[in-house]
Amino acid sequence: MAMFCGRCGAQVAPGSPFCGRCGAPVVQAIAAPVYSYPVAAPARYPAARRFGTSQIAIAGVLLAILAIVTVGVTAFAVSQALGGKQAVCTVNCAPKFVTPLPESKTYISSAFKYEVDYSSAWTVRSQDANGVLFGTRLGTLQVVGTRSTAPVDQAIKAVVAALPSAQWQSVALVSDLKGAHIGDQNGLGSIYSANLVGANSTTTKVQFAVIAATRGGVTVVILAADPADVKGSPHGIPEAQDFDYLCAEFRWA
Amino acid sequence: MTVPAGNFCGHCGAHLTSASTTRRHAFAAVPSERVAHLSIISTLFPHLPHRRGGAFRWALLAGGTAVVVLAALHLFAPATIAATLLLPVLYLLYLYEVEVYEDEPWLVIGATMVTGAVLGYAFTSFSGRAVSVLNLTGDRDNSFVLAGVAIPIVAQALMLAGPLFLFVFRGRFREPLDGLTFGAASALGFTLTSSLTKFWPAITGSLVSSGDPIDWSLRLLQVGILVSLINASTTALVSAALWLHRYDRRRISRPWASSILATLVVAFGAQVVIGMLTFALPNVATEVVIRLAGTLALLLYVRLVIHQALLVEGVEHEIGPDSQCPECHRIVPTMAFCPSCGAARAAASKLGRARVGGRA
């Protein structure tokens, strides 16, 4: 029985898988072919030039190379880290004179009635009755009030422990902050270092201060973070002076 | 033209039994696999004969396991370095194994992996500072535009720079799989230094660090495997389409999936969509799921492009003397496709083709 191509209409030879005129495939049941080519003898061609060994050996070599490079780069990185560390100022390093900000705004906590003066160049990221979160020029600063009778050192530890571990990694205490204060109330403070993982998995080495003070049953905690600059900044925090101004000008209820 | 008897047409690669010109059941590079088959090795290492693919597969698996073990031991710095080096090292060995660079190894590796690595370092150092400040100051709007949209687009363009150089100045590399390999190599070089730069503060920290090992394992496998595969896939797609466009001598109607426009849209679109989603859903597990889905989809698309490129590739068709098929090792007439197993001759390594006396 004659067959015709479904595309161009030309007659197709019986059993042909394709149209002889246009090349369109002809769908039809064809018995599986019995074509068979001989397999080449293994020794017909020279062995592989380089990888004549077993696959396990090759995998072993690849892993060995990977391991050597890993160890080498790690050693280099660690040596760089150890050699690059600078002494961190730990005693009375905060600026002794507070430079007033050229232009400032004020946040007032409706829950605890404390007032915070901050640079007009900063951006308020979020705020509520208890506190406020600023985006500063380089980093971030958070002021939070709570009604608590717990010791202030516990408040500091609680704030650090509450930092999300997926973002705040390798958090380490650098030093205690001597003479820490919030407004005219003496308190406690500590400086920490950490790696902050953000968008695109970009990791930033940061330095942050946590300061806490209590008055009248209200505990205020300030967390101020900046990219770490341990060579040229007090406590490794470039905006330390601005942060110190905020602490100095803080007004309790 | 009369083609020799066989299961596949040695001229166009069509499967004769089923009269299928698209032969989706027999991937042109490795006919024992379907086109829609998930395999990193036969997709991004297509010149590798499947017999040799096992070593690379095991090395990849063992490397991934090593990263997890290091992370479980809290050795995050070595784990990070191992994760970022895993695929680039394997790819460098692959280039060496199949000699895709012919007699110009330094030029090809320099224009792809090294150029990619230099651009990756420079770009990530430059953009990383801005991203860091935006992260720290909590400026999510600008951070979204920068990290979710701008950086993926610019990074993708930079990853294509090396292959474009070879495309313009080295016309002797004329096969679409050359383009694919150059694209993947450039992307892996870029991703290597980009990831190392991003993680440098963690790498230069203490050797044994605090942190959740599961979180770290996911993060490192994401950066070491998934991001590398995504970047390699998108860049390889575009460069393979470029090469195919220039060197398709048949000039028949190419499938739209392997056109330059389609691959550009898929490559840049995938980078931006993945960038935006991972920014909007900042959770390690969610990021892994998003990137894993993107990786699987892109790998399948790369296979489709490879398959179509090999089927329509413009080789000079003649029937040569009998020689050994590099894939199935049968003695067959030397043609564009093995009449017995259907493997494209262009998918064999250049070294292997030279060894059996076929066309290189």
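Residues numbered from 1 in each chain as written. Chains lettered and ligands numbered in written order. Predicted model: local features only at pLDDT ≥ 70, side-chain atom pairs only at ≥ 80, totals over all residues.

### As for the overall build of chain B
Move 1: When you go through chain B residue by residue, the secondary structure sums to eleven helices and two strands.
Move 2: Starting at the N terminus, the α and β elements of chain B follow one another as α-α-α-α-α-α-α-α-α-α-β-β-α.
Move 3: Computed over C-alpha atoms, the radius of gyration of chain B comes to 21 Å, within 12% of the 21 Å expected from 2.2 N^0.38 for 360 residues, which places it in the range of a compact globule.
Move 4: For chain B, the spread of C-alpha atoms along the three principal axes comes to 70 × 40 × 40 Å.
Move 5: Counting the 360 residues in chain B, one finds 58% classified as buried. (Helix = DSSP H or I, 4+ residues; strand = E, 2+ residues; numbered from the N terminus. Rg over C-alpha atoms; globule rule 2.2 N^0.38 Å. Buried ≥ 20, exposed ≤ 12 C-beta atoms within 10 Å, placed from the backbone.)

### Points about the domain arrangement of chain A
Many authors give the size of an interface as the accessible area that is lost as the parts come together.
Move 1: Each assigned domain of chain A is listed here: domain 1 (1-33) and domain 2 (104-248).
Move 2: With centres defined by C-alpha atoms, the gap from domain 1 of chain A to domain 2 of chain A works out at 79 Å. (Domains from an automatic or database assignment.)

### Side note on the domain arrangement of chain B
Residue and element names in this part refer to chain B.
Move 1: Here chain B is partitioned into domain 1 (1-37 + 317-360) and domain 2 (44-312).
Move 2: Once you take the C-alpha centre of each, domain 1 and domain 2 turn out to be 30 Å apart.
Move 3: On the domain 2 side, the residues contacting the 18 residues of domain 1 number 17 residues. (Contact = placed C-beta atoms within 7 Å.)

### As for the pairing of strand S4 (residues 115-119) of chain A
Residue and element names in this part refer to chain A.
Move 1: One ladder, built from five bridges, connects strand S3 (residues 104-108) with S4; its direction is antiparallel. In the strand pairing of S4, Tyr107 is matched with Val116.
Move 2: Connecting S3 to the antiparallel partner S4 that follows it, the hairpin turn spans six residues, and Lys113 within it adopts a positive phi of roughly 65 degrees. (Pairing = 2+ DSSP bridges.)

### Quick word on helix H7 (residues 176-203) of chain B
Each turn of an α-helix holds 3.6 residues, which means side chains three or four residues apart point in the same direction.
Residues and elements named next belong to chain B.
Move 1: With 28 residues, H7 extends 38 Å between its outermost C-alpha atoms, agreeing within 8% with the 40 Å of an ideal straight helix rising 1.5 Å per residue.
Move 2: Maximum bend of H7: about 40 degrees, positioned at Thr197, with proline Pro201 one to four residues after it.
Move 3: The buried fraction of H7 is high, at 28 of 28 residues. (Expected span 1.5 Å × (residues − 1). Bend = angle between axes of the 7 residues up to and from the residue.)

### Examining the confidence of the model for chain B
All names here are of chain B.
Move 1: In the predicted model, chain B carries a mean pLDDT of 85, and the fraction of residues at 70 or more is 92%.
Move 2: Confidence scores differ between elements of chain B, with helix H11 (residues 350-355) showing the lowest mean pLDDT of 65 and helix H9 (residues 260-280) the highest of 93.
Move 3: This prediction of the complex comes with two scores: 0.78 for pTM and 0.72 for ipTM. (pLDDT = per-residue confidence, 0-100.)

### Quick notes on the sheet that holds strand S7 (residues 140-147) of chain A
Move 1: Strand order in the open sheet formed by seven strands is S5-S6-S7-S13-S12-S11-S8 (chain A), with antiparallel pairing between adjacent strands. Edge positions in the sheet fall to strand S5 (123-127) and strand S8 (168-176) of chain A, since each of these pairs with one other strand and no more. Looking at each pair of strands side by side, their axes are set apart by 20 degrees on average, direction ignored.
Move 2: Helix-sheet contacts for helix H4 (residues 105-137) of chain B involve strand S6 (131-135), S7, strand S11 (188-197), strand S12 (203-215) and strand S13 (218-227) of chain A, and the interaxial angle to S12 of chain A is about 20 degrees. (Axes fitted to C-alpha atoms, helices over the stretch in contact; angles between N-to-C directions.)

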